[in-house]
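# Observations on the three-dimensional arrangement
For reference, the chains in residue letters:
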Amino acid sequence: MTILVTGGAGFIGANFILEWMRRGDEAVVNLDALTYAGNADNLASLQGDARYDFVCGDIKDRKLVDRLLRRYAPRAVVHFAAESHVDRSIHGPDAFIQTNVFGTFTLLEAARSYWSGLSGADRDDFRFLNVSTDEVYGSLEHDDPAFTENSCYRPNSPYSASKAAADHLVRAWHHTYGLPVLVSNCSNNYGPRQFPEKLIPLAITNALCGKPLPVYGDGMSVRDWLYVGDHCSALQAVLEGGVPGEVYNIGGRNEVSALEVVKGVCELLDELHPDRAGPYSRLITFVKDRPGHDRRYAIDPGKAEYALAWSAVESFASGLRKTVDWYLANREWTDNVQSGAYQHWITRNYEARG
Ligand code: NAD
Ligand code: TYD
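On a predicted model such as this, the values are computed, not experimentally measured, just so you know. (Residues numbered from 1 in each chain as written. Chains lettered and ligands numbered in written order. Predicted model: local features only at pLDDT ≥ 70, side-chain atom pairs only at ≥ 80, totals over all residues. Heavy atoms only, no water.)

A positive phi angle is found at Arg253, which is not glycine, with a value near 55 degrees. By the element assignment, Arg253 lies in the loop between strand 11 (247-250) and strand 12 (255-257). Despite not being glycine, Ala309 has its phi angle at roughly 55 degrees, a positive value. Considering the arrangement of structural elements, one finds Ala309 in the loop between helix 10 (302-308) and helix 11 (316-329). Here Ala309 falls in the exposed class, since its relative accessible area comes to 71%. (Helix = DSSP H or I, 4+ residues; strand = E, 2+ residues; numbered from the N terminus. Buried < 20%, exposed > 50% of the residue type's maximum accessible area, 1.4 Å probe, protein only.)

Okay, structure coming up:
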């Protein structure tokens, strides 16, 4: 048996594949275009493993996807591939529409054609798991209840709008064609191998270089932080026990503001890697807010906990410590991804924030 993973060289996809290979024998083929966010080094430990194949290619390439489905005959597609950074979507939405909307459409059509040709148990057991985000539900006020699977879609950024569009396509392909899809909407992830454009790895890597730790606006934007390992175990549970056509919200019940997150990183670094110049919190710098910045996300993971017997294992404190430990032990990884293109992005995103 084989599963086809898209975007497996990125942050969550790579953690998912590594965990998948640790837990069982089932083969994985990983289709990834290796954009700036994809890093084949993430899966270097699988080199030579007969159960793992990497294909460098684009999910928008229908012929390639058709060929892979025919060749590997996967029992499931786990779809991570996406443009994933809100700030980048504000600067340049085009790639988000191309990959997140058109790319998902291409995969759905290829999967539909492949699945239609299956019969018996192969057809009954096939699954298309769309890995989505809580950002499709929009922003919550301070005292609103957390998002459930029945919350309305109110995406506010080009990123979340493109993910919402993809979710709608996935839903329609189930409703109209019967494709056995599953959708997971997860809160903000953090952990090893996250590209340092997102808040937590950015704060760790900037602090280690003595650079400012940029906090948008008043720093009170709240996210429901989930350790990536907990997201990966949830996705396995959705794949194995999820009911086709159903949506599962995944979150860790860990609501923390951006400012508290950055302070938490500083405290851990003070303990694990003290700086002679003083506490890392001296580097915290308030900068101009993100346009249309969503104030608060919070997930009610009750359905996944009840229906799939899944729950998050890490608290925010234990997960953040594991994350800081990983970045301290893997400075070379960070050095390798902070290329010229990365520096260009940092200049573009932060120079206008003053
Ligand atoms: P990421 O940006 O780290 O990785 C994305 C991967 O997709 C990269 O390896 C990239 O090379 C690949 N990719 C991009 N365009 C492609 C294309 N056209 N064809 C093939 N491969 C392509 O993203 P991530 O943080 O690992 O997120 C993975 C998925 O999980 C995304 O769909 C994202 O929307 C979703 N998600 C992320 C979070 C989070 O906090 N990071 C939370 C909830 C859901
Ligand atoms: P981010 O990691 O980009 O994830 P998302 O926007 O998808 O939630 O940002 C997390 C939170 O941190 C968000 O409220 C924006 C804030 N933030 C900063 O304050 N400073 C930064 O430099 C970045 C990248 C984000």
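Now that the structure is up, let's keep going.
This next bit is on the environment of Asn15. Mapping Asn15 onto the fold places it in helix 1 (residues 11-23). Residues Asn15 and Ala44 lie 29 residues apart in sequence; the distance between their C-alpha atoms is 12 Å. Setting aside anything within four residues of it in sequence, one finds Asn15 in contact with Pro192, Arg193, Val228 and Cys232. In terms of polar contacts, Asn15 uses its side chain to reach the backbone carbonyl oxygen of Pro192, at 3.1 Å. (Contact = heavy atoms within 4.5 Å. Polar contact = N/O pair within 3.5 Å; in protein donor to acceptor, adjacent residues only side chain to side chain.)

This part takes up the site of ligand 2. Around ligand 2, the structure places 19 residues, and the nearest of them are Glu135, Ser221, Arg223, Arg290 and Tyr350. Here an oxygen atom of ligand 2 and a backbone polar atom of Leu199 are 2.9 Å apart. At a separation of 2.6 Å, an oxygen atom of ligand 2 approaches a polar side-chain atom of Tyr350. About the coverage of ligand 2: the protein hides 97% of its 510 Å² of free accessible area. Secondary structure elements with two or more residues in the shell around ligand 2: helix 7 (199-208) and strand 8 (213-216). Among the elements that line the shell around ligand 2, the one with the most residues is strand 8, at 3 residues. (Near = heavy atom within 4 Å. Areas by Shrake-Rupley, 256 points an atom, 1.4 Å probe, with all protein chains shown as cover.)

Here we come to the pairing of strand 1 (residues 2-6). Counting buried positions along strand 1 yields 5 of 5 residues, so the element is predominantly enclosed. Residues Thr2, Leu4 and Thr6 line one face of strand 1 and the alternating positions Ile3 and Val5 line the opposite face, and both faces are buried. Pairing geometry for strand 1 and strand 2 (residues 27-32), over 5 bridges, is parallel. Considered in strand 2, the bridge of Val5 is made with Asn30. Read from strand 1 through helix 1 to strand 2, the crossover connection turns out right-handed. Strand direction decides the pairing type here: strand 1 and strand 4 (residues 76-79), joined by 4 bridges, are parallel. Residue Thr6 lies in a different strand from strand 4, and its bridge partner there is His79. (Pairing = 2+ DSSP bridges. Right-handed = clockwise from strand over helix to strand, strands pointing away.)

Bringing the site of ligand 1 into the picture now. Residues in contact with ligand 1 amount to 29 residues; listed here are only the nearest, Ile12, Asp32, Ser84, Tyr159 and Lys163. At 3.2 Å from a nitrogen atom of ligand 1 is found a side-chain nitrogen or oxygen belonging to Thr99. The contact in question runs from an oxygen atom of ligand 1 to an N or O atom on the backbone of Asn189, over 2.8 Å. Within the complex, the protein chains bury 96% of what would otherwise be the 830 Å² of accessible surface of ligand 1. When residues of the shell around ligand 1 are traced back to their parent elements, those giving at least two are helix 1, strand 5 (127-133) and helix 6 (158-177). Examining the composition of the shell around ligand 1, we find that 3 residues originate from one element, strand 5, more than from any other. Class assignment of the residues belonging to the shell around ligand 1 gives a composition of 13 nonpolar, 12 polar and 4 charged. (Nonpolar A, V, L, I, M, F, W, Y, C, P; charged D, E, K, R; others polar.)

For the rest of this paragraph, the subject is the nonpolar core. Across soluble globular proteins, nonpolar side chains show a tendency to be buried alongside one another. Membership of the largest hydrophobic core comes to 36 residues, with the highest contact counts inside it found for Ile200 and Phe316. Within the residue set of this core, elements represented by two or more residues are helix 7, strand 8, helix 9 (258-272), strand 13 (284-287), helix 11, helix 12 (331-337) and helix 13 (340-351). Per-element accounting of this core gives the leading share, 7 residues, to helix 9. Membership of the second largest hydrophobic core comes to 34 residues, among which are Leu46, Leu182, Cys186 and Tyr248. (Core = buried A, V, L, I, M, F, W, Y, C linked by side-chain atoms within 4.5 Å.)

Along the chain, Thr323 falls in helix 11. We classify Thr323 as buried; its relative accessible area is 0%. Sequence-distant contacts of Thr323, that is, excluding residues within four places in its chain, are made with Tyr190, Gly191, Ile200, Ile204 and Tyr227.

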